[in-house]
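A look at the structure
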Amino acid sequence: MEKMTNGFTTELRRMEFENHGVCVACGYKFKKGDTANLGYDNSDAPLYVCDKCTRLLKEPTIKRYYSPRPYDVPTPQCKLWRYMDFTKYVSLLSSRGLYFTRTDCFEDTFEGAKGLRKNKEKWDAHYFDFFCSAIKNPPEGNKCELSEKEVEQLANKLLSDLESGGEAHKKRVFVSCWHESEHESEAMWRLYSSFLANAVAVRTTYKSLYSALGRDPSISIGRVRYIDLKKEYAGVNDAFWRKRKSFEHEREVRALIMDFECKDMGKVVPCNLDVLIEEVFVSPKAPDWLIGLVNDVNEKYGIKVKVSTSELSEVPFFKELLGAKIFRDRPLFLIEEFLLLEQ
Ligand SMILES: [Zn+2]
C-alpha cells in the first residue's frame, strides 16, 4: 500500500456518505470501532473499503473509525411532504433554495437537548466515566501519566466544555423539516400553515431531496427518532436527531447542515427545484382560483410541475343500503351482487 495522502475530497466524502457502514468491495458491514479506509483505486475511482480490501487502494487517503449514524436514512422512494403558506412557496421559488431554520429558533425548547434537567446528573455521570476511561486508555503507542485526581479534573473540564458547547451548538445547526408519509395529512395541513386557505404542500422523495441539494455530503438527511425522555436521554451526537415522544405524529425527516459563520436565524441552501418538487397540492380549504395562481407562479419561475387539489377535498358519496326497500329481507350476497352490477 502506498503512503497515505491527505486529500479528503468531496468525492471521497460523498463515497463514504452514500455507502456509510458497508465496504463497497466485499459488502462487509462495519461494526462500531472498525476502520473504514478511503482512497482511489487503479482507475482513479473513489473507494470505501474494510481492512481486508485495502489492497485495492492504489492511493489510500484516509482511515476513519466507523461509527453508526445517529439517525436512519429513509428508502430512496420514501415520500416526503412539506406544508407551507403560499408566501413561503413563492419564496422557495424566488430564492431557488431551501430555507434551513437555525435550531435555537424553533418553538420546541427541547431542540438539541440531551434530556430532562432532573435527569442531568445521570447523563453527567455517564459521560464523566466515559471521559475518565478515554483519558486513562489513550490510543496505542501513548501512555497516560496523569494521577487519578488529574484524570478526574480533566474529565470534569471536558464535561463542562460539553455543556457550554451544547448550548452554543444550537446556533450552528440549521434544519429543514419534512413529513414522511405515503399520503397527505390533514393534521399537517393545520400544523404547518398559519392560514389554511392559502396553504400548499410540496411532495418529494428522499432521493430527490438528496439530489436536489447537490448530493452534498455535508448535509445529513435522516429520520428523527422519538424517545421517552423520562427513561432515556440523547447522546452527544444524537441530540438533533431526537425529539420527545409527544412529537411522534410529525414523522419528521430532517435535512441538517452546520454553519459556524452564519449569524442569521436561518439560511437558504441552493436547491434544484426541478428535481425537488415532484408535485404540488393546494390545501383542502383553498378557493378554486389558488390552483391557477400556483400554476402562474410556477410558470413565472420556470417550474414545470403538476399542481393538484388536495385529496381531502374530494367529494364523498353515501349509499343508502339498509333503508332501501329492494334489499329488505334479501340475503347479504344478493346485495353484494347488486353493488357489483352497479359499478
Ligand atoms: Zn471489504
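Because the structure is predicted, anything quoted here is derived from the model rather than measured. (Residues numbered from 1 in each chain as written. Predicted model: local features only at pLDDT ≥ 70, side-chain atom pairs only at ≥ 80, totals over all residues. Heavy atoms only, no water.)

**A closer look at the nonpolar core**
Counting 46 residues, the largest nonpolar core has Tyr89, Leu213 and Ile277 as the members making the most contacts within it. Looking at this core element by element, the count peaks at five residues for strand E6 (residues 173–180). Excluding residues within four positions of it along the chain, isoleucine 277 makes contact with Tyr89, Leu92, Leu93, Val202, Arg203 and Val305. Among the nonpolar cores identified, the runner-up in size contains 14 residues, and Cys23, Ala36, Tyr40 and Tyr48 belong to it. (Core = buried A, V, L, I, M, F, W, Y, C linked by side-chain atoms within 4.5 Å. Buried < 20%, exposed > 50% of the residue type's maximum accessible area, 1.4 Å probe, protein only. Helix = DSSP H or I, 4+ residues; strand = E, 2+ residues; numbered from the N terminus. Contact = heavy atoms within 4.5 Å.)

**Some thoughts on the side chain of threonine 35**
Here threonine 35 is to be found in strand E1 (residues 35–40). Here threonine 35 falls in the buried class, since its relative accessible area comes to 18%. Not counting residues within four places of it along the chain, the set of residues in contact with threonine 35 comprises Phe30, Val49, Cys50, Asp51, Lys63 and Arg64.

**Some thoughts on the coordination of the zinc ion**
Surrounding the zinc ion are the protein donor atoms Cys23 (SG), Cys26 (SG), Cys50 (SG) and Cys53 (SG), at 2.3 to 2.4 Å. One can describe the site at the zinc ion as tetrahedral: its four donor atoms subtend angles covering 105 to 116° at the metal. Read from N- to C-terminus, the donor residues coordinating the zinc ion fall into the pattern C-x2-C-x23-C-x2-C. Of this pair, cysteine 23 sits in the loop between helix H1 (10–18) and E1 while cysteine 50 is found in the loop between strand E2 (46–49) and strand E3 (59–65), placing the two residues 27 residues apart along the sequence. (Donors = N, O, S within 2.8 Å, 3.2 Å for Na, K, Ca; no water. Tetrahedral: all angles 85-135°; square planar, octahedral: opposite > 155°, others 65-115°.)

**A closer look at the pairing of E6**
When you tally the buried positions in E6, you get eight out of eight residues, the bulk of the element. Both faces of E6 are covered, namely the face carrying Val173, Val175, Cys177 and His179 and the face carrying Phe174, Ser176, Trp178 and Glu180. Relative to E6, strand E4 (residues 79–85) is paired through two bridges, and the arrangement is antiparallel. Across the sheet, leucine 80 pairs through a bridge with glutamate 180, a residue of E6. Note: strand E5 (residues 97–102) against E6, two bridges, orientation antiparallel. When the bridges of E6 are listed, arginine 102 appears paired with phenylalanine 174. Inspection of the sheet shows E6 paired to strand E11 (residues 252–258) by seven bridges, in the antiparallel sense. Across the sheet, residue phenylalanine 174 finds its bridge partner in E11, namely isoleucine 257. (Pairing = 2+ DSSP bridges.)

**Focus on the side chain of asparagine 298**
Mapped onto the secondary structure, asparagine 298 falls in helix H8 (residues 289–300). Among all residues touching asparagine 298, those that are not within four sequence positions of it are Tyr89, Leu93, Ile303, Val305 and Val307.

**Regarding unusual backbone geometry**
The backbone of aspartate 44 sits at a positive phi, close to 65°, despite the residue not being glycine. One can find aspartate 44 in the loop between E1 and E2. At arginine 215, a residue that is not glycine, the phi angle is positive and equals roughly 45°. Mapped onto the elements, arginine 215 comes out in the loop between helix H6 (206–212) and strand E8 (220–223). Residue class for arginine 215 comes out partly exposed when judged on its relative accessible area of 36%.

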